[in-house]
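# A look at the structure
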Amino acid sequence: MRTFSLPAKVTLLLSLVVVVVVFAVTFVINKISADIIVNDLKERSTKAANEISKELGKGAQIPLAEDVESDLLDAVEINRSIREISVFGLKEKEPEFVATSSRTNNIPVTDEIRSAIGAGKPMAHLHDDGDERFWDIVVPIYHRIPKTNQQKILGCVSVLTSLKQADSITQQNLRVSIIFAPAAILLLIVLLNVLFRFTIHTPVKKIQEAMAKAEAGDLKAEVSLRSSDELGMIAASYNRMLRQIREATTERISLIERINNFNVELKSKVENATSELTKRNWELRELNEKLLKMQLELVRLERLAVAGQLTATFAHEVGTPLNLISGHVQLLIESFSGNEFILKKLILIQSQIRRLSEIVRRLLDATRRPKLDLAAVNLNQLIQEVSALIKPTLLLRNVEFDHHLRADLPLIQADRKQLEQVLLNLINNSLDAMPNGGHLLIETESNSNQLVSIKITDTGQGIQPQHLEKLFQPMFTTKEIGLGTGLGLTICKAIIKEHGGEIEVRSTVHEGTTFSISLPAEVPVLQA
């Protein structure tokens, strides 16, 4: 797995999940269909037996065999799944054969027949003789005594229904499902490969090639990506970084050239003076050469620092969807806890997601925000979409969720993706503050000053008063080592400020915390 690319790993893991789920669903659906067909045949056979029993119970005695057999043959002709229908009467309280639709003239009295007559109620048994299965339905024949409410049992009707055709249909459905399921899975794998190649592999390859050229000294190696997704923003950030490095390098080279020219002039003057001054000039030249090396080293270190910021941006953008995928996989683990095969595959997927999340967590760092991509945003709709995303995580953390969204909330001009990032960061902080479960509430409001507000309230551990003033400072966190970078709230505040809004926090220890966000309907000043 280590030698595979990220798209290949995700494709492989998703394919395994789809394979397991498709075959599990196919098996369950086929089992349910088979049970429905079997129960339907049972009901139809019972209904036929009841109709014959009711007809035979009209008289005080069961009619003669030749009168009964024609009715039995008609019933078998109507319902082709019934193999035979037999009628038994009572003679001195002991069942005896009367008539049958089968070619056999004498049908033996079974224990089921005796039990049905003795208990006075219908009996149904599912038998399997090795070649086929069949229902054995036994229904007592009752005769109501005139002018009384009493009934007496005259005998019973035995219906033998074959399940051979039903089993054949079930097997055929299973074979068809087994044939089409791999074809659908193969199509999914092909589509995923094509999607990853055009959306991830090709853009990442262009970024890697440009970074390799820049590392080799080509400061004009910019990335040409027209997409507006996360990779497009990373490419834009990289291009801005490269232009800044190029400008800074040009200024430093110009400065170094002026220093070298000054050294040459100084050397000429010193040589015209005394040999002692010439000697000192050589010493000064050596110092200037060391200065040049230090300047070049500084340029190299600045490139590495900006490259680190670029990597951190990528890590921060990828981390959130990985957490959402982890929540959905955890729900699948709970849903298939009884299936060891599926559970092993899901645990494998979860371990790989955790490994990716750990790598992403190490790469997170503060960096400049991308330029706002303003568009009309419905905050209520955005909150509902984010709520759907975090629902598995809320269920996993045992957190109750509720929202009060104002119906007439106006649209605002904002960057939808960045606001979504703010909401997810604040919700994740609330979840971290409620390790043992709790309640999460999101509210929206508006006022006459063309401002809309979002409030996110939790019933978590709260924030100490001395930490409130430092809460939005970079690298400040109250979480344990490895659980937070101290950048999430800093980034949230920067995003809200770029939108011309404000973010505030109120908290009571051991009671909960409320983050309040105020945003104008239009952003007054765009970021540079």
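Quick summary incoming for the structure in this document. Along each chain, numbering runs from 1 in the same order as the chain's sequence is written. Whole-chain, interface and lining totals are the exception, using all residues; otherwise, since this is a predicted model, local features are given only for residues with pLDDT of at least 70 and side-chain atom pairs are given and counted only at 80 or more. With hydrogens and water stripped out, all remaining heavy atoms of the structure feed into the side-chain values.

The subject of this paragraph is the sheet that holds strand β2 (residues 94-100). Spatially, 5 strands are ordered β2-β1-β5-β4-β3 in an open sheet, and the strand pairing comes out antiparallel. Single-partner strands in this sheet number two, and they are β2 and β3 (123-128). Between one strand axis and the next, the sheet turns by 25 degrees as a mean value, whatever way the strands run. At least two bridges found by DSSP between two strands is the condition for calling them paired. Helix and strand assignments follow DSSP, with helices taken as H or I runs no shorter than four residues and strands as E runs no shorter than two, numbered in order from the N terminus. Bridge count between strand β1 (residues 82-91) and strand β5 (residues 151-162): 7 bridges; the pairing is antiparallel. What sits directly across from Val-87, in β5, is Val-157. Residue contacts are counted whenever heavy atoms from the two residues lie within 4.5 Å of one another. As a rule, the C-alpha atoms of each element are fitted with a line to give its axis, helices using only the stretch in contact, and angles between N-to-C directions run from 0 to 180 degrees. The strands touched by helix α2 (residues 65-78) within the sheet are β1 and β2, with β2 carrying the most contacts at an inclination of about 65 degrees.

Turning next to the pattern of salt bridges. Side-chain pairs of opposite charge can arise where the charged atoms are in close proximity. Basic side-chain nitrogens of Lys or Arg form a salt bridge, by our definition, when they fall within 4 Å of a carboxyl oxygen of Asp or Glu. Inspection of every chain in the model, using the stated rule, returns 12 salt bridges. One salt bridge connects Lys-31 with Asp-35, and the closest N-O pair in it is separated by 2.9 Å. With Lys-31 and Asp-35 both in helix α1 (residues 6-56) and 4 residues apart, the pair spans about one turn of that helix. The class of Lys-31 is partly exposed, set by a relative accessible area of 43%. A salt bridge links Arg-397 to Asp-432; the nearest nitrogen and oxygen atoms lie 3.7 Å apart. Taken together, the residues Arg-397 in helix α8 (residues 379-397) and Asp-432 in helix α9 (residues 416-432) connect sequence positions 35 residues apart. Only protein chains enter the accessibility calculation, which uses a 1.4 Å probe; a residue whose area is less than 20% of its type maximum is buried, one above 50% is exposed, and one in between is partly exposed. Classification of Asp-432 as partly exposed rests on a relative accessible area of 36%.

Turning our eyes to something else, we now look at the sheet that holds strand β11 (residues 502-508). In space, the 5 strands of this open sheet follow the order β7-β9-β10-β12-β11, with mixed pairing throughout. Looking at which strands have only one partner, the edges of the open sheet turn out to be β7 (399-404) and β11. On average, each strand axis in the sheet is tilted by 15 degrees relative to the strand beside it, whichever way the strands run. Note: β11 against strand β12 (residues 512-520), 7 bridges, orientation antiparallel.

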